[in-house]
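# Analysis of the macromolecular model
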Amino acid sequence: MNTILFHGSHEEVSGGRLREALLRVGAAECDVLYVHTDMTFGLPALRRGALLAELLGILEGLGVATLVFPTFTFSFCNHEPFDVRNSRTPMGALNEYARKSGRGRRSRDPLLSVYVLGDPLNLVDGLGPFSIGADSSYDRLHHCGKEARFLFFGADMRDCFTYTHYVEAVHGVPYRYNREFSGTIVDGDQTESSRVWLYSTYANCRLTTRPVVHDALHERGQLRTATVGDGPLCCVREKDAYETISQLLAHTPLCLTDGHFNADIKDTTYNPDGERIVSVR
């Protein structure tokens, strides 16, 4: 644990330093840990493969029964087949490394798949066709009956808290709708056609640039944070996130938009510029 992993601007980051910070933010105090990652702790001190192996080992060493890594691909949004075993994820090098380890299980969601190490619970098999909403991995997480937490491991939650859209789906916000996508799922020697739905914004909706959810969680003391090297650690209970986002939406249904959405106009134009989709729109 004394191996130096990153050279930060103000400190050297060892495995022990990372583990201590993870324990301090409560990352081990749960049954299910949902991990968003980014490599922001400093300049890597090891070769890529060795560094990723160390980082994954530190997370597994927390002793949490179920580790969940988002391995989203948005394959059907990008008119691509989804290969359960081989489709790469842009959700971070560590998430891709965990996926390629072959020691866990990946869900068959061609938009928002997850890779689970440890006890898969019911987070992988038999998910419904709604990638965000009823019977999605987020829905299963919310109803799993376990203590679940979200960990932002070098990632800024203000940029990547996709779970927010699940709570929007539960509340049926007026500025989003379930958009259908279709394509092919490949799993080994099995190939099948599939239709799935993504909870997308209407084209005439503009989302706020303010970190509404992050700030509300922070003001309520529900975020446990630390800085390690040059990067952040942040951990929040799933139950706290669900309750806070729900209350925000109940009080002001358009709080996550710029406040000017016209519900009488439902423009379903999607990705007119043909950009590659890498996040929920």
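Residues numbered from 1 in each chain as written. Predicted model: local features only at pLDDT ≥ 70, side-chain atom pairs only at ≥ 80, totals over all residues. Heavy atoms only, no water.

Further remarks concern the nonpolar core. Formed by 56 residues in total, the largest nonpolar core has its most connected members in Phe150, Phe152, Phe161, Tyr163 and Leu198. Of the residues forming this core, the biggest block, four residues, is contributed by helix α8 (residues 238-251). In this view, Leu198 contacts Phe74, Cys77, Leu111, Leu112, Ser131, Ile132, Tyr177, Asn178, Arg179, Phe181, Tyr270 and Val280; residues no more than four positions away in its chain are not counted. Val13, Ala27, Leu52 and Leu117 belong to the second-largest nonpolar core, a separate cluster that totals 32 residues. (Core = buried A, V, L, I, M, F, W, Y, C linked by side-chain atoms within 4.5 Å. Buried < 20%, exposed > 50% of the residue type's maximum accessible area, 1.4 Å probe, protein only. Helix = DSSP H or I, 4+ residues; strand = E, 2+ residues; numbered from the N terminus. Contact = heavy atoms within 4.5 Å.)

Residues other than glycine predominantly adopt negative phi, and peptide bonds predominantly adopt the trans conformation. Its identity as a non-glycine residue notwithstanding, His79 has a phi of 60 degrees, on the positive side. On the secondary structure map, His79 appears in the loop between β5 (66-70) and β6 (82-83). Exposure remark for His79: the relative accessible area of 76% places this residue in the exposed category.

Our next topic: the packing of aromatic side chains. One pass over the full model with this rule turns up 17 aromatic pairs. Taken together, a centroid distance of 4.7 Å and an interplanar angle of 50 degrees make the contact between Phe150 and Tyr163 tilted. Pair noted here: Phe150 is in strand β9 (residues 148-153) and Tyr163 is in helix α6 (residues 163-171), with a separation of 13 residues, a long-range link. For the residue pair Phe150 and Tyr163, the accessibility class agrees, reading buried in each case. Each ring, one from Tyr177 and one from Tyr202, has its centre 4.5 Å from the other, and the planes form 20 degrees; the classification is stacked. With a gap of 25 residues between them, Tyr177 in strand β10 (residues 176-187) and Tyr202 in the loop between β11 (190-201) and α7 (212-219) connect regions that are remote in the sequence. Aromatic ring contacts, followed pair by pair, group Tyr34, Tyr138, Phe150, Phe152, Phe161, Tyr163, Tyr166 and Tyr242 into a single cluster. (Phe/Tyr/Trp six-rings, centres within 6.5 Å; stacked < 30°, edge-to-face > 60°.)

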